[in-house]
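An overview of the molecular structure
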Amino acid sequence: MAVSVDRILRWKQTGAPAQPITVLTAWDVMSGQIVDQAGADIVLVGDSLAMVALGYDTTLPLTTEDMVICAKAVRRGVKNALLVVDLPFLSYQTSVEDAIRAAGQMLKIGAQAVKLEGGHDEVVETVRRLVQWGIPVMGHVGLTPQSVNQLGGFRKQGKTPEEGDRILAEAKALEQAGAFCVVLEHIPAELARNITKALSIPTIGIGAGVHCDGQVLVTADVLGLSAWQPPFAKVYANLRQQAVEAAQQFCEEVRSGQYPA
Ligand SMILES: Nc1nc(=O)c2c([nH]1)NC[C@@H]1CN(c3ccc(C(=O)N[C@@H](CCC(=O)O)C(=O)O)cc3)CN21
Ligand SMILES: CC(C)C(=O)C(=O)O
Ligand SMILES: [Mg+2]
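The chain goes by 3-methyl-2-oxobutanoate hydroxymethyltransferase in an unreviewed UniProt entry, where it is assigned to Phormidium tenue NIES-30. The UniProt entry for the chain carries this comment under Function (unreviewed entry): "Catalyzes the reversible reaction in which hydroxymethyl group from 5,10-methylenetetrahydrofolate is transferred onto alpha-ketoisovalerate to form ketopantoate." Note on the chain: under the UniProt heading Sequence similarities (unreviewed entry), the record states "Belongs to the PanB family."

Here is the structure:
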């Protein structure tokens with residue numbers, strides 16, 4: 001049966017100890033088909049596609065228009081998983097109105113929820129307003145890549161008790177605002193465990209240890225397709241090298257007259 005926002009929201013309340021939620025990213029129809037067919041609970045059209053699919057050094061250059069093109073392609077490939085789309089940098093920070101417009105655009109093309117980065121007062125108020133209008137929101141705290149210029153790189157967050165307390169408070173505020181789950185990115189496992197215990201909505205970890213209610217990775221990293229991976233990514237295949245070898249073989253066979261026969 002297709003995965004719904006409500007099913008994720010109630011993941012921890014459904015009696016028997018739930019299996020972890022599985023989340024993988026996608027950026028086009030093929031990656032969407034692959035992770036949906038693999039049985040992921042949630043497919044995230046992550047703004048990491050700016051780096052993975054478009055070749056930028058950060059997620060900041062991605063526009064709403066870029067995201068709409070990619071999300072529409074993923075939508076055509078995903079049949080069963082819940083489809084969540086990241087709101088690009090500057091599409092939701094400028095005002096609640098802009099956030100509603102950007103999020104609404106994503107829902108119009110078939111996204112079932114959106115994800116916003118941060119847990120400060122402004123983003124919490126934006127989440128509250130989106131949820132009021134019937135737009136489900138996934139939160140995202142810890143390492144928030146859209147703030148890379150302030151964080152001084154893609155560094156682990158929440159390493160001091162003060163920082164940890166702040167991230168915990170942000171996650172609680174997002175739950176209060178109506179977020180249906182929250183991503184915890186690149187924080188200590190102990191902190192992620194405390195946040196997971198403190199929340200009734202599920203936590204989805206990336207580089208946040210084993211004590212989260214679910215796990216997410218960038219699919220290009222999982223498949224060994226990306227040029228580099230973060231230290232926490234596990235690489236399950238070596239598709240980049242296999243692809244280069246296959247393409248090389250084609251070139252050799254054409255040059256030698258082996259193909260076409
Ligand atoms: N391919 C890919 N996978 C990802 O998981 C990912 C992206 N791209 N792009 C958006 C963000 C950026 N992420 C990243 C990127 C790099 C590190 C990393 O290398 N961290 C190191 C060094 C940090 C530094 O000092 O600059 C670390 O040890 O924390 C972590 C998360 C996670 N996200
Ligand atoms: C890694 C996930 C959480 C993400 O935000 C992305 O892919 O953009
Ligand atoms: Mg993202």
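From this point on, the discussion continues.
**Observations concerning the pattern of salt bridges**
Pairing of side chains with opposite charge becomes possible as their charged atoms draw close. This model, assessed by the stated rule, comprises 6 salt bridges. For Asp-6, the salt bridge identified is with Arg-10, shortest N-O distance 3.0 Å. Arg-128 serves as the salt-bridge partner of Glu-125, at 2.9 Å between the closest nitrogen and oxygen. With Glu-125 and Arg-128 both in helix H6 (residues 121-132) and 3 residues apart, the pair spans about one turn of that helix. On the accessibility criterion, Glu-125 (30% relative accessible area) is partly exposed. Looking at Arg-128, the relative accessible area reads 36%, which means it is partly exposed.

**Looking at the site of ligand 1**
By nearness alone, 17 residues border ligand 1, and Met-51, Phe-154, Glu-185, His-186 and Asp-221 come closest of all. Between ligand 1 and the protein, one listed contact pairs an oxygen atom with a side-chain N or O atom of Arg-155 at 3.5 Å. Surface burial for ligand 1 is 75%, taken as the share of its 670 Å² of free accessible area covered by protein chains. Mapping ligand 1 onto the cavity grids shows that it belongs to the largest pocket. Class assignment of the residues belonging to the shell around ligand 1 gives a composition of 11 nonpolar, 2 polar and 4 charged.

**A few points about helix H2 (residues 29-37)**
One full turn of an α-helix is made of 3.6 residues, so residues set three or four places apart face in the same direction. Those residues of H2 that fall on the buried side of the exposure criterion are Ser-31, Gly-32, Val-35 and Asp-36. Projected down its long axis, H2 carries its buried residues within an arc of 125°, all on one side. Summarising the geometry of H2, the exposed residues directed more than 90 degrees from the buried face are Met-30 and Gln-37. Looking at the buried side of H2, the elements it contacts are strand E1 (21-25), strand E2 (42-45), helix H4 (64-77) and helix H10 (219-222). Positive phi shows up at Gly-39, right after H2, with a value of about 95°.

**Regarding helix H5 (residues 96-108)**
For H5, built from 13 residues, the straight-helix expectation of 18 Å at 1.5 Å per residue is met to within 8% by its first-to-last C-alpha distance of 18 Å. If you check which residues of H5 are buried, you get Val-96, Ala-99, Ala-102, Ala-103 and Met-106. Seen from one end, H5 has its buried residues packed into an arc of 130°, which puts them on one side. Among the exposed residues of H5, those pointing more than 90 degrees away from its buried face are Arg-101 and Lys-108. Taken together, the buried residues of H5 touch H4, strand E3 (82-86), strand E4 (113-115) and H6. Residue Gly-110 follows H5 closely and has a positive phi angle near 110°.

**Structural notes on the UniProt feature "binding site: 3-methyl-2-oxobutanoate" (unreviewed entry) in the chain**
Per the UniProt record, "binding site: 3-methyl-2-oxobutanoate" (unreviewed entry) is annotated on Asp-47, Ser-48, Asp-86 and Lys-115. The largest pairwise C-alpha distance within this set of annotated residues, which runs over 69 residues, is 12.4 Å, so the set is compact in three dimensions. Checking the named residues against the largest pocket, the ones that line it are Asp-47, Ser-48, Asp-86 and Lys-115. Relative to the helices and strands, Asp-47 resides in the loop between E2 and helix H3 (49-52). Taking relative accessible area as the criterion, Asp-47 reaches 4% and is therefore assigned buried. Residue position: Asp-86 is located in strand E3. Excluding residues that lie within four positions of it along the chain, Asp-86 makes contacts with Leu-44, Val-45, Gly-46, Asp-47, Met-67 and Lys-115. A polar side-chain atom of Asp-86 sits 2.8 Å from the main-chain amide nitrogen of Asp-47.

Rules used throughout
Residues numbered from 1 in each chain as written. Chains lettered and ligands numbered in written order. Predicted model: local features only at pLDDT ≥ 70, side-chain atom pairs only at ≥ 80, totals over all residues. Heavy atoms only, no water. UniProt positions renumbered as here; feature names shortened; annotations may be inferred. Salt bridge = Lys/Arg side-chain N within 4 Å of Asp/Glu carboxyl O. Helix = DSSP H or I, 4+ residues; strand = E, 2+ residues; numbered from the N terminus. Buried < 20%, exposed > 50% of the residue type's maximum accessible area, 1.4 Å probe, protein only. Near = heavy atom within 4 Å. Polar contact = N/O pair within 3.5 Å; in protein donor to acceptor, adjacent residues only side chain to side chain. Areas by Shrake-Rupley, 256 points an atom, 1.4 Å probe, with all protein chains shown as cover. 1 Å grid on protein atoms, 1.4 Å probe; cavity = no way out; pocket = protein on both sides within 12 Å on 5 of 7 lines; lining within 4 Å. Sits in = over half its atoms within 2 Å of the grid points. Nonpolar A, V, L, I, M, F, W, Y, C, P; charged D, E, K, R; others polar. Arc of directions from axis to C-beta. Contact = heavy atoms within 4.5 Å. Expected span 1.5 Å × (residues − 1).

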